[in-house]
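# Structure assessment
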Amino acid sequence: MANTNTEALSSVGVSIWLDDLSRELTQGGGLQKMIDDYSVVGVTSNPTIFAGALAEGERYADQVAELVSEGASVDEAVAALTATDVRDACDIFTSIHERTGGLDGRVSLEVDPRLAHETDKTVESARGLWSAVDRPNLFVKIPATVEGLPAITAAIAEGISVNVTLIFGLDRYRAVISAYLTGLEQAQEKGLDLSSIASVASFFVSRVDSDVDGQLDEIGTDEAKALKGKAGLANARLAYSTFEEVSASPRWKVLADAGATPQRPLWASTGVKDPEYDDTMYVTGLATKGVVNTMPGATLEALADHGEVTGDTVRGTADSAGATLDDLERVGISYTDLVERLEREGVEKFEKSWKELGETVKGEMERASASTGSAR
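So, here is what we can say about the structure in this document. Just so you know, these numbers come straight off a predicted model, no measurement behind them. All residue numbers here refer to positions counted from 1 along the written sequence of the relevant chain. At least 70 in pLDDT is required for a residue's local features to be given in this predicted model, at least 80 for side-chain atom pairs to be given and counted, and no such filter applies to totals for whole chains, interfaces and linings, which use all residues. With hydrogens and water excluded, all non-hydrogen atoms of the structure serve as input to the side-chain values.

Here the focus is the packing of helix α13 (residues 231-247) against helix α17 (residues 318-331). Across the interface, α13 lies against α17 with an axial gap of 8 Å and an inter-helix angle of 130 degrees. Of the possible angle classes, the one that applies to α13 and α17 is oblique. The handedness of the crossing between α13 and α17 is left-handed. Contacts between α13 and α17 involve Ala231, Ala234, Asn235, Arg237, Leu238 and Ser241 on the former and, on the latter, Ala318, Ala321, Gly322, Thr324, Leu325 and Leu328. Note on residue categories: nonpolar means Ala, Val, Leu, Ile, Met, Phe, Trp, Tyr, Cys or Pro, charged means Asp, Glu, Lys or Arg, and polar means any other residue, Gly included. Considered class by class, the residues forming the contact of α13 with α17 number 7 nonpolar, 4 polar and 1 charged. Geometry is summarised by axes, namely lines fitted to C-alpha atoms with helices restricted to the contacting stretch, and by angles between N-to-C directions that run from 0 to 180 degrees. Strands here mean DSSP runs of E at least two residues long; helices mean DSSP runs of H or I at least four residues long; both are numbered from the N terminus. Oblique is the label for every angle not falling under 35 degrees (roughly parallel), over 145 degrees (roughly antiparallel), or within 65 to 115 degrees (roughly perpendicular). Crossings are sorted by hand: turned counterclockwise from the far helix by less than a right angle, the near helix makes the crossing left-handed, and turned clockwise it makes it right-handed. Residues count as neighbours in contact if any of their non-hydrogen atoms are within 4.5 Å of one another.

Time to look at the pairing of strand β4 (residues 138-143). The element β4 is largely enclosed, with a buried count of 6 among its 6 residues. On β4, burial covers both faces: Leu138, Val140 and Ile142 on one face and Phe139, Lys141 and Pro143 on the other are all buried. Two elements, strand β3 (residues 106-110) and β4, share 4 bridges in a ladder whose sense is parallel. Directly across from Leu109, in β4, lies its bridge partner Val140. When the strands point away from the viewer and the connection leading from the first strand across the helix to the second strand turns clockwise, the crossover is called right-handed. Crossover connection from β3 via helix α8 (residues 119-133) to parallel β4: handedness right-handed. Strands were regarded as paired on the criterion that DSSP finds at least two bridges between them. As paired elements, β4 and strand β5 (residues 162-167) share 4 bridges and run parallel to each other. Residue Ile142 lies in a different strand from β5, and its bridge partner there is Val164. With helix α9 (residues 148-157) bridging β4 and the parallel β5, this β-α-β connection has right-handed handedness. Three exposure classes are used, based on accessible area relative to the maximum for each residue type with a 1.4 Å probe and protein chains only: buried under 20%, partly exposed in between, and exposed over 50%.

Take a look at the structure:
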């Protein structure tokens with residue numbers, strides 16, 4: 001039976017995606033249960049998630065052993081293992097993808113984050129992932145770095161659907177939107193079917209508060225402390241206002257008339273990091289029509305258990321959200337410095353996670369090789 005809280009969020013217009021993926025979830029029935037019970041209509045993944053799945057699950061052993069016997073490198077094994085998980089998840093979501101006309105039923109797989117500042121190699125990686133998974137409901141994740149922007153355009157122009165990740169600032173978000181529109185315009189010139197190309201723009205939320213709250217504590221004034229826990233929601237709400245502006249633009253209308261689909265805002269990093277805060281604040285506080293919220297399993301469970309969905313909590317909030325950012329500047333929080341730092345740290349974290357994933361896969365391959373040797 002579908003959960004009433006997740007159904008309520010869906011009814012507002014939010015697509016619920018799970019920020020987790022493992023072979024245990026796809027093969028053990030857990031993902032299908034979340035689809036049935038919690039209205040989940042998509043999945044995102046990242047290297048940390050894959051590393052944890054590999055380290056904890058036994059369902060990868062046969063494929064790892066096969067890759068070892070084929071003489072695969074660690075990077076080749078990472079690509080094969082993650083592509084298999086994502087392809088399996090795509091197949092589970094096929095009916096949702098078809099029912100929603102390609103809007104949902106999406107599964108994300110990111111390019112090698114070590115390429116975040118290399119445009120051409122990012123495009124090459126995106127092509128490789130698109131071909132390896134070979135499913136129309138795949139989203140290739142490309143980071144919203146300066147170098148990632150032309151890669152986004154190039155991928156979209158080739159008909160590759162993209163989840164733009166690591167967005168923190170409003171100016172960069174506008175550049176991401178423009179990159180998507182330019183890609184669609186180039187795809188149209190090539191005669192591609194625009195309705196088959198999709199994208200989401202992943203705006204990170206809780207990381208903003210984690211950084212800002214630390215600064216506010218250091219400032220220590222009553223005015224500063226009163227602003228804690230407000231920056232993440234304000235930033236995301238202003239992003240939605242930007243999305244609305246673009247949706248009303250003549251440039252978008254031309255593309256929409258040609259069959260293009262909107263690049264929906266996606267709320268990422270929605271797990272609450274401060275235990276003092278409501279553990280569903282980045283879900284119920286960002287409920288509005290036409291967005292995606294990708295949640296860690298714990299946040300999804302919290303929503304299902306006690307989340308209070310009160311309707312749309314985003315539209316009409318731009319003025320108050322802008323005032324919050326103004327107040328933060330007034331007490332000494334530089335928005336420009338904040339978003340630049342968060343992007344830099346975000347890329348570094350992704351690179352570290354990728355390295356850890358490689359080390360995990362290497363360890364599994366060594367164990368499989370030793371096991372094969374002892375069996376002989």
